[in-house]
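A closer look at the structure
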Amino acid sequence: MATYDPFRDFDRLASSLLETRRGPRRMPMDLYRDGDHYVLTADMPGVDPGSVDIDVDGQLLTIRAERSLTTGEGVKWITREREAVSFLRQLNLGQGIDTDRITANYANGVLSVMIPVSEKAKPRKVEVSSDASAPTITAHENRDEPQPIEQ
């Protein structure tokens, strides 16, 4: 049995009237490095995968998405707390990212973006070589008298 709570309705009305934020919403996201790529995951519940738009312009990554709500004719709403919103997030990728190989996947309300590190930015070993014809220093031990060092 449902109970009527006038304070809940008043709270919902007050927050909708006092809500100053209009326009695109920021989506919660996580970003971490896993080996030679970064992984960005963002929550976008109820978003149609066809509305997700990811752009890379130079080093700026932009993610946009829309959540629209359908209403049928003759529908009488009992309560409607979800709203149609647009999501927007922009990230400066910085240097060392291979922007040509960025990939994305959307499943179960979560967008996953794989951002590979460029080959130039990956750590590498530098080989140390020696020239065999370079002079070597040899020391001899002689307890009686000091000897010069041969080169």
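Residues numbered from 1 in each chain as written. Predicted model: local features only at pLDDT ≥ 70, side-chain atom pairs only at ≥ 80, totals over all residues. Heavy atoms only, no water.

Topic: the sheet that holds strand S3 (residues 53-57)
Whether parallel or antiparallel, the strands of a sheet pair through hydrogen bonds between backbone atoms. Applicable threshold: Between any two strands, at least two bridges found by DSSP are needed for them to pair. Put simply, DSSP H or I for four residues or longer makes a helix, DSSP E for two residues or longer makes a strand, and each gets a number counted from the N terminus. To get an axis, a line is fitted to the C-alpha atoms, and for a helix only the part in contact is used. The angle between two axes follows their N-to-C directions and goes from 0 to 180 degrees.
Reading across from one edge, S3-S4-S5 is the order of the three strands in this open sheet, with antiparallel pairing throughout. The outermost strands of the open sheet, each flanked by one partner alone, are S3 and strand S5 (85-92). Along the sheet, successive strands turn relative to each other by an average axial angle of 15 degrees, direction set aside. As judged from the five bridges shared by S3 and strand S4 (residues 60-67), these two strands associate in the antiparallel manner. The residue bridging valine 56 from the neighbouring strand is leucine 61, located in S4.

With respect to the side chain of arginine 67
Inclusion rule: Three exposure classes are used, based on accessible area relative to the maximum for each residue type with a 1.4 Å probe and protein chains only: buried under 20%, partly exposed in between, and exposed over 50%. Charged residues are defined narrowly, with Lys and Arg counted positive, Asp and Glu counted negative, and His plus the chain ends left uncounted. By definition here, a salt bridge exists when the distance from a side-chain nitrogen of Lys or Arg to a carboxyl oxygen of Asp or Glu is within 4 Å. Within 3.5 Å is the distance limit for a polar contact, defined as a pair of N or O atoms, with the added protein rule that one can donate a hydrogen and the other accept it, and that residues adjacent in sequence qualify only through two side-chain atoms.
As for its placement among the helices and strands, arginine 67 is situated in strand S4. At 6.0 Å, glutamate 83 is the nearest oppositely charged side chain to arginine 67, a buried residue that forms no salt bridge. In this structure the side chain of arginine 67 is engaged in a polar contact, spanning 3.0 Å, whose partner is the backbone oxygen of glutamate 83.

A look at the pattern of salt bridges
In this structure the tally under the stated criterion is two salt bridges. One salt bridge connects aspartate 55 with arginine 64, and the closest N-O pair in it is separated by 3.3 Å. Of the residues examined, aspartate 55 reaches a relative accessible area of 33% and is grouped as partly exposed. Between aspartate 98 and arginine 101 there is a salt bridge, with the nearest N and O atoms lying 2.7 Å from each other. Residue classification places arginine 101 among the partly exposed positions, given a relative accessible area of 46%.

Thoughts on the sheet that holds strand S6 (residues 103-107)
Spatially, four strands are ordered S1-S2-S7-S6 in an open sheet, and the strand pairing comes out antiparallel. A single partner strand is all that each edge strand has here, and the edge strands are strand S1 (29-34) and S6. Strand-to-strand, the axes of this sheet are offset by a mean angle of 15 degrees, without reference to chain direction. Pairing of S6 with strand S7 (residues 110-116), which is carried by five bridges, proceeds in the antiparallel orientation. Within the sheet, the bridge partner assigned to alanine 107 lies in S7 and is valine 110.

Some remarks on unusual backbone geometry
Trans peptide bonds make up most of the peptide bonds, and negative phi angles are found at most residues other than glycine. Positive phi values are uncommon outside glycine, yet asparagine 108 reaches one of about 55 degrees. Summarising the element assignment, asparagine 108 is placed in the loop between S6 and S7.

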